[in-house]
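An overview of the molecular structure
Residues per chain are reported as follows:
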Amino acid sequence: MASAITTLAADAPTLSAANTGFMLICSALVMLMTPGLAFFYGGMVRVKSSLNMLMMSFISLGIVTILWVLYGFSLAFGTDSGSIIGWSSDYVGLSGIGITELWDGYTIPVYVFAVFQLMFAVITPALISGALADRVKFSAWALFSALWVTVVYFPVAHWVWGAGGWLFELGVIDFAGGTAVHINAGAAALGVILVIGKRVGFKKDPMRPHSLPLVMLGAGLLWFGWFGFNAGSWLGNDDGVGAVMFINTQIAPAAAMLAWLGYEKLRHGSFTTLGAASGAVAGLVAITPSGGSCSPLGAIAIGAIAGVVCAMAVGLKYKFGYDDSLDVVGVHLVGGVIGSLLVGLFATGGVQSDAAGLFYGGGLEQLGKQAIGVFAVLAYSLVASAILAFLLDKTIGMRVTEDDEVSGIDQVEHAETAYDFSGAGGGAASRSTAVPTTAAAASKKVDA
């Protein structure tokens, strides 16, 4: 009996300082993605809405953090109930967790796992905001975010990643969030914009990005943070799987960027900076669910496919008439679907699990599982998000007035503007201009 106890104790995981430190760094990298997203989206809108776009991302850091501590972690990763939702009283308020208590089966503390997953919960509603640019009340957005993570994100995270969650038990592979984050957010964006309608001037007025340098900065920060997002999702660094995911996180967006630019050149005649940034993000989205199961060559294929298909998909809003302001549907929903389904083709069976895709002798079984996961999350998020938006629109109202939208949502909602040029009139010419000394001279100066 004593020898059996000794053997069990020896086999039990012990806290790893290396893995714990690695995961804390990954958590910080994922946190940086939300400000990166704010810059990415903020540069893509017109000047009059850029601050509002920044705030729609930043507010998620406040709202979702508090809800995650109070009950979100418990709902997502607590003890399973009916394969639909979790709940553990020890996780409520994170109050019943020991500081050295390990996440089950791993060598990192529960607190570290909780904060890493928190950063995923924070960025997911922020992703939705890009589809709603220029037209949503900030108070309504804040309330929608709180309701959405409660009703949609926390349950879906349990389905996909929680022990006992029905998609987890089915064997759906989602390494870092293709279904739980990107399809979830993209489908939610589509559901909301179908309820709140189009921007004033959609398909009539030019709505070009006001700052492409900000877009590129945001894309760079997203790409940088995505290494933590993806490689950290293995929750350790002991067997090389995280290393495969890390290199695939570099390869796929590179391939997607080149593919997007190639499509853009053939279709429109130019290589644009917006296309380069959007292509890289599309590749990052697509490799998120699949990078832990495919080879580097598979990552090239997945990235290239995502780059072309997402570039084609962003134009669908003009064909079908839905106003997805910053292409959340075209990039995140479509990219998430591509990456999740391609697991069923490109999974080698030799990285994160022995599940093999069609191209590696695994038949269609894994592809079928992936399809179930994709369309279950898509349907639930689309319908639930549309219902939430409808209820808010009929009660407190989701949209600003048409006049406020035309004049600029930044000033209306935040009493600020992104750029203040009031002090930009200085220089040698102004210093050499004589100050009028009489009322008549002053009048002439004003008239001029």
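In short, a report on the structure. Small disclaimer: the values here were computed from a predicted structure and weren't measured.

Rules of the game
Residues numbered from 1 in each chain as written. Predicted model: local features only at pLDDT ≥ 70, side-chain atom pairs only at ≥ 80, totals over all residues. Heavy atoms only, no water. 1 Å grid on protein atoms, 1.4 Å probe; cavity = no way out; pocket = protein on both sides within 12 Å on 5 of 7 lines; lining within 4 Å. Points joined across faces, edges and corners; volume = space filled by probe spheres on them. Helix = DSSP H or I, 4+ residues; strand = E, 2+ residues; numbered from the N terminus. Nonpolar A, V, L, I, M, F, W, Y, C, P; charged D, E, K, R; others polar. Core = buried A, V, L, I, M, F, W, Y, C linked by side-chain atoms within 4.5 Å. Buried < 20%, exposed > 50% of the residue type's maximum accessible area, 1.4 Å probe, protein only. Contact = heavy atoms within 4.5 Å. Disulfide = S-S within 2.5 Å. Axes fitted to C-alpha atoms, helices over the stretch in contact; angles between N-to-C directions. Parallel < 35°, antiparallel > 145°, perpendicular 65-115°, else oblique. Left-handed = near helix turned anticlockwise from the far one by under 90°. Salt bridge = Lys/Arg side-chain N within 4 Å of Asp/Glu carboxyl O.

Counted according to the given criterion, the structure contains one cavity of 30 Å³ or more. Its boundaries defined by the atoms lining it, the largest cavity holds a volume of some 60 Å³. Taken together, Phe40, Tyr41, Met44, Ser278, Val281, Leu326, Asp327, Val328, Val331 and His332 make up the full set of residues lining the largest cavity. Secondary structure elements with two or more residues in the lining of the largest cavity: helix H2 (17-44), helix H10 (273-290) and helix H13 (328-346). Residues belonging to the lining of the largest cavity are distributed by class as follows: seven nonpolar, two polar and one charged.

The nonpolar side chains of a soluble globular protein tend to be buried with one another. Counting residues in hydrophobic clusters, the biggest one holds 120 residues, and the most contacted among them are Phe40, Phe73, Leu132 and Tyr153. When residues no more than four places from it in sequence are discounted, the contact partners of leucine 132 are Met56, Trp141, Val192, Ile193, Ile196 and Ser325.

Here we come to unusual backbone geometry. Positioned with a positive phi, aspartate 327 is a non-glycine residue whose angle comes to about 65°. Relative to the assigned elements, aspartate 327 resides in the loop between helix H12 (316-320) and H13. Unusually for a residue other than glycine, alanine 415 sits at a positive phi of about 55°. Here alanine 415 lies in the loop between helix H16 (409-414) and helix H17 (428-432).

Attention now moves to the state of the cysteines. With the rule as written, the count across this model stands at zero disulfides. Considering cysteine sulfurs only, cysteine 294 is the nearest to cysteine 26, which forms no disulfide, with 18 Å between them. By relative accessible area, which is 3% here, cysteine 26 ends up buried. Free of any disulfide, cysteine 310 has its nearest cysteine sulfur in cysteine 294, 16 Å distant. Classification of cysteine 310 by relative accessible area gives buried; the value is 0%.

Glancing now at the packing of helix H7 (residues 178-196) against helix H14 (residues 365-395). With their axes 7 Å apart at the nearest point, H7 and H14 run at an angle of 40° to one another. On the basis of the axis angle, H7 is oblique to H14. Helix-helix and strand crossings are classified by hand; for H7 and H14 the assignment is right-handed. Residues Thr179, Ile183, Asn184, Ala187, Ala188, Leu190, Gly191, Val192 and Val195 of H7 form the contact with H14, whose own contacting residues are Gly373, Val374, Val377, Leu378, Ser381, Leu382, Ser385, Ala386, Ala389 and Phe390. Of the residues belonging to the contact of H7 with H14, the class tally is 13 nonpolar, six polar and no charged.

This part covers the pattern of salt bridges. Under the definition given, this model contains seven salt bridges. Between arginine 135 and aspartate 323 there is a salt bridge, with its nearest N and O atoms 4.0 Å apart. Of this pair, arginine 135 sits in the loop between helix H4 (110-129) and helix H5 (138-161) while aspartate 323 sits in the loop between H12 and H13, placing them 188 residues apart in sequence. The residues arginine 135 and aspartate 323 share a single accessibility class, namely buried. A single salt-bridge network, built from bridges that share partners, covers Arg46, Asp134, Arg135, Arg199 and Asp323.

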